Amino acid sequence: MNRFEEGVELIESTCGNNKDNVISISTMELEPSSNGKPYAKIREVDAHYEDGVFYITTYGLSNKMKQIVNNNVVSFSVCFEGITGIGIGENLGWVLDPKNADIRAKVRKTFADWYDAANNEQDENCVILAIHITRATIFKDHGATVYNLDFENKKEI
């Protein structure tokens, strides 16, 4: 097993298996700051992880989704796990769209304790946000081992 595969396995074992992950995601604000430069907006969300993608249920008209339409590059950090990275945000659309049936079932299972209280699936703006990881850094054992992963080229960098 090469180091890229080791790193991916660490992410899978830490974030996978239907774990409700709390991750911080950062998008770029639509309006510039007072100095005219764009600034990042960060928030914590619950995410289901599978095969290099974090899945989040959210409101399609929220600021984060508007920001992702404008710039789909999203930074993330898995809270308290030493995993950070960059991904591409994609609105998969309404949770009840038949094309989302498989991932919706998985997300509902992962978020079973609170899903129905937090989501109105009848509202077509209840959507699934996918964050496809492009790069990730893993700090294992407080930085004793570091992995820098390039998901696009499937190698360590």
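Look up: the structure comes first, before these words.
So, a few notes on the structure that sits alongside this text. Values in this document were obtained by computation on a predicted structure and should not be read as measured data.

## Notes on the pattern of salt bridges
Part 1 of the argument: Applying the stated criterion across every chain yields a total of six salt bridges.
Part 2 of the argument: A salt bridge links Arg108 to Glu121, with the nearest nitrogen and oxygen atoms 3.3 Å apart. Of this pair, Arg108 sits in helix H3 (residues 101–110) while Glu121 sits in the loop between helix H4 (115–118) and strand E6 (126–140), and the two are 13 residues apart along the sequence.
Part 3 of the argument: Arg108 gets classed as partly exposed once you look at its relative accessible area, which sits at 25%.

## Topic: helix H2 (residues 63–70)
Every α-helix winds through 3.6 residues per turn, so residues three or four apart in the chain are directed the same way.
Part 1 of the argument: Residues Lys64, Met65, Gln67 and Ile68 constitute the buried set of H2. Looking straight down H2, one finds its buried side chains confined to an arc of 160°; they lie on one side. What points out from H2, more than 90 degrees from its buried face, is the exposed set Asn63, Val69 and Asn70.
Part 2 of the argument: The inward-facing, buried residues of H2 abut strand E1 (21–28), strand E2 (40–50), strand E3 (53–59), strand E4 (73–78), strand E5 (83–94) and E6.

## Here we look at the packing of aromatic side chains
By convention here, two paired aromatic rings are described through the distance between centres and the angle between planes.
Part 1 of the argument: Inspection of every chain in the model, using the stated rule, returns four aromatic pairs.
Part 2 of the argument: Grouping aromatic residues by their ring pairs yields a cluster made of Tyr49, Phe54 and Phe76.
Part 3 of the argument: When the ring centre of Tyr147 is taken as origin, the NZ or CZ atom of Arg3, which lies over that ring, is 4.2 Å away.

## Observations concerning the nonpolar core
Part 1 of the argument: Counting 26 residues, the largest nonpolar core has Ile11, Ile23, Ile25, Phe54, Leu149 and Phe151 as its most contacted members.
Part 2 of the argument: Among the secondary structure elements, those contributing two or more residues to this core are helix H1 (3–15), E1, E2, E3, H2, E4, E6 and strand E7 (145–150).
Part 3 of the argument: Looking at this core element by element, the count peaks at six residues for E6.
Part 4 of the argument: If we skip the residues at most four places from it in the chain, Ile11 touches Gly16, Tyr49, Ile83, Ala136, Ile138, Leu149 and Phe151.
Part 5 of the argument: Val53, Ile103, Ile128 and Ala130 belong to the second largest nonpolar core, which has eleven residues in total.

## Describing the pairing of E1
Within a regular beta strand, the side chains point alternately toward one face of the sheet and then the other, so they alternate between its two faces.
Part 1 of the argument: For E1, a buried count of six out of eight residues is recorded, marking the element as mostly surrounded by other parts of the structure.
Part 2 of the argument: Of the pairings in the sheet, the one linking E1 to E2 comprises eight bridges and is antiparallel in character. Paired with Asn21 across the two strands is Ala47, which belongs to E2.
Part 3 of the argument: Pairing analysis gives four bridges linking E1 to E4, with the strands arranged antiparallel. Paired with Ser24 across the two strands is Ser77, which belongs to E4.

About the criteria used
- Residues numbered from 1 in each chain as written.
- Predicted model: local features only at pLDDT ≥ 70, side-chain atom pairs only at ≥ 80, totals over all residues.
- Heavy atoms only, no water.
- Salt bridge = Lys/Arg side-chain N within 4 Å of Asp/Glu carboxyl O.
- Helix = DSSP H or I, 4+ residues; strand = E, 2+ residues; numbered from the N terminus.
- Buried < 20%, exposed > 50% of the residue type's maximum accessible area, 1.4 Å probe, protein only.
- Arc of directions from axis to C-beta.
- Contact = heavy atoms within 4.5 Å.
- Phe/Tyr/Trp six-rings, centres within 6.5 Å; stacked < 30°, edge-to-face > 60°.
- Lys NZ or Arg CZ within 6 Å of the ring centre and 35° of its normal.
- Core = buried A, V, L, I, M, F, W, Y, C linked by side-chain atoms within 4.5 Å.
- Pairing = 2+ DSSP bridges.

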